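Listed below are the residues making up each chain.
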Amino acid sequence: MNKVFFLIFSCCLLISNNVSAQMKNYTNIIKKAEAIKVTGYMDYPPFGYIQEERNDYGEIIEYTYHSVFEDILNDLKNNSNVKISYIFSSKQNTEQFISDINSGKIDIFLGAYNDTKRFKRTELVFPSILNNPVTVITMPETAAQLKDLNQLKQMKGAVCNQDEFSDYVKRQMNEYQLEYVETSYQLFEKLYTGEVDFVFTTQYFGIIEAAKLGIRDYLSFSKQIVWNMPIFIGISQLSPNRKFLSQKLSSYSENPEHKIKLEKKLQDLIYEIELKNRGVVPPAFIKKENSNNSTSSLDLLSQEDKI
């Protein structure tokens, strides 16, 4: 009797364990099958931006989200059988979506920085596959006088609040005499009119915003990088898919061929944006009144790289 009871008990235990294992596997499949929610910067090309799609009549038919990191997500979708859902809105700023990342409502943020408070609940995918370096932009005549970046600490500069910096870089910029402005138009206007001697921008933001205004060829971009900021794909620490995403995305980032491919994509996006804005007439920035109370327009000089 005891042997029969033991046999029945063993069979029940085996069935129970098998069902439990199946349920565990089923749970993992469900997690992977759910749409992975992805967000990023709303207006910060090439790392994140919203694009208008128009019909033949010029009418907006939809808005789409784009990022230089798209290929990584496409690879994840094609090789892991997951769905990707981009979460974005032209009516909300980036901070709202970063908040959703920190609370676990969204899985992935494209373009997070290391050691930065706003990404405190974000797991960064290592290694970083792209950098977003900070550079100096001046008028060519100013660049001709600069031999060392330390000279900038004795000059007046400006930064645009639309640009994105890590907390480390923000702390370093406190050592400079900087004015913060709201738009790139205001940033370059102050540079052109001589209100400031230089501006700090991330490399791609500076190039793109100058191209939009039609003034890139009239500015001097420093060859020397001031601060080099690795930029990451971030995963919400509260995402139910965190481990799965971390493994897949890290594996992609570790492949040097993927890094080369992404850097090529970055350069292509920059070129497309410049091509789109080719022929834009530069704004008529006017110098402020000088000592003899007269005003004059600022001549547009050819580009030189001195620092």
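Residues numbered from 1 in each chain as written. Predicted model: local features only at pLDDT ≥ 70, side-chain atom pairs only at ≥ 80, totals over all residues. Heavy atoms only, no water.

**Here we look at the packing of aromatic side chains**
Consideration 1: Counted by the stated rule, this structure contains 16 aromatic pairs.
Consideration 2: With 4.8 Å between their ring centres and 55 degrees between their planes, F126 and F232 make a pair best called tilted. One end of the pair, F126, is in the loop between β7 (122-124) and β8 (130-131); the other, F232, is in strand β14 (residues 230-236), and 106 residues separate them in sequence.
Consideration 3: For F126, a relative accessible area of 47% gives the class partly exposed.
Consideration 4: Pairing Y185 with F285 gives two aromatic rings, centres 5.3 Å apart and planes at 65 degrees, and the pair type is edge-to-face. With a gap of 100 residues between them, Y185 in helix α6 (residues 184-192) and F285 in the segment after α9 (256-276) connect regions that are remote in the sequence.
Consideration 5: F285 sits in the buried class, given a relative accessible area of 6%.
Consideration 6: Taken together, Y41, Y44, F47, F69, F109, F119, Y204 and F205 form an aromatic cluster joined through their ring pairs.
Consideration 7: The cationic tip of K153 hangs over the ring face of Y176; the distance from NZ or CZ to the ring centre is 5.7 Å. (Phe/Tyr/Trp six-rings, centres within 6.5 Å; stacked < 30°, edge-to-face > 60°. Helix = DSSP H or I, 4+ residues; strand = E, 2+ residues; numbered from the N terminus. Buried < 20%, exposed > 50% of the residue type's maximum accessible area, 1.4 Å probe, protein only. Lys NZ or Arg CZ within 6 Å of the ring centre and 35° of its normal.)

**Some points on the pairing of strand β6 (residues 108-112)**
Consideration 1: Within β6, 5 of the 5 residues are buried, which leaves the element mostly enclosed by the surrounding structure.
Consideration 2: Relative to β6, strand β1 (residues 35-40) runs parallel, the two being bridged by 3 bridges. Bridging across to β6, T39 finds its partner in F109.
Consideration 3: Where β6 meets β14, 4 bridges bridge the pair, whose relative direction is antiparallel. Looking at β14, one finds that F109 is bridged to G234. (Pairing = 2+ DSSP bridges.)

**What to know about the packing of helix α7 (residues 203-213) against α9**
Consideration 1: Look at α7 against α9: their axes get within 9 Å of each other, and the N-to-C directions meet at 20 degrees. One element, α7, and the other, α9, form an angle in the roughly parallel class. You can see that α7 and α9 cross each other, and the crossing is right-handed. Residues Y204, I207, I208 and A211 of α7 lie in contact with α9, whose contacting residues are L266, Q267, I270, I273 and E274.
Consideration 2: Of the residues that constitute the contact of α7 with α9, the class distribution is 7 nonpolar, 1 polar and 1 charged. (Axes fitted to C-alpha atoms, helices over the stretch in contact; angles between N-to-C directions. Parallel < 35°, antiparallel > 145°, perpendicular 65-115°, else oblique. Left-handed = near helix turned anticlockwise from the far one by under 90°. Contact = heavy atoms within 4.5 Å. Nonpolar A, V, L, I, M, F, W, Y, C, P; charged D, E, K, R; others polar.)

**Notes on the pairing of strand β3 (residues 48-54)**
Consideration 1: Note: strand β2 (residues 43-44) against β3, 2 bridges, orientation antiparallel. Paired with Y44 across the bridge in β3 is G48.
Consideration 2: Here β2 folds back onto β3 in antiparallel fashion, the turn holding 3 residues.
Consideration 3: Judged from the 6 bridges that link them, β3 and strand β4 (residues 60-66) form a sheet pairing that is antiparallel. Following the sheet pairing, Y49 is matched in β4 by H66.
Consideration 4: In this antiparallel pair of consecutive strands, β3 and β4, the connection spans 5 residues, and G58 shows a positive phi of 80 degrees.

**Structural notes on unusual backbone geometry**
What is expected of a backbone is that most residues other than glycine have negative phi and most peptide bonds are trans.
Consideration 1: In this structure, P46 follows P45 across a cis peptide bond, with omega equal to 5 degrees.
Consideration 2: Looking at the element boundaries, P46 is found in the loop between β2 and β3.
Consideration 3: Residues F126 and P127 are joined by a peptide bond in cis, for which omega reads 0 degrees.
Consideration 4: Backbone geometry at N81 places phi at a positive 55 degrees, although glycine is not the residue there.
Consideration 5: Relative to the helices and strands, N81 is located in the loop between α2 (70-80) and β5 (83-86).
Consideration 6: Overall, the relative accessible area of 69% leaves N81 in the exposed class.

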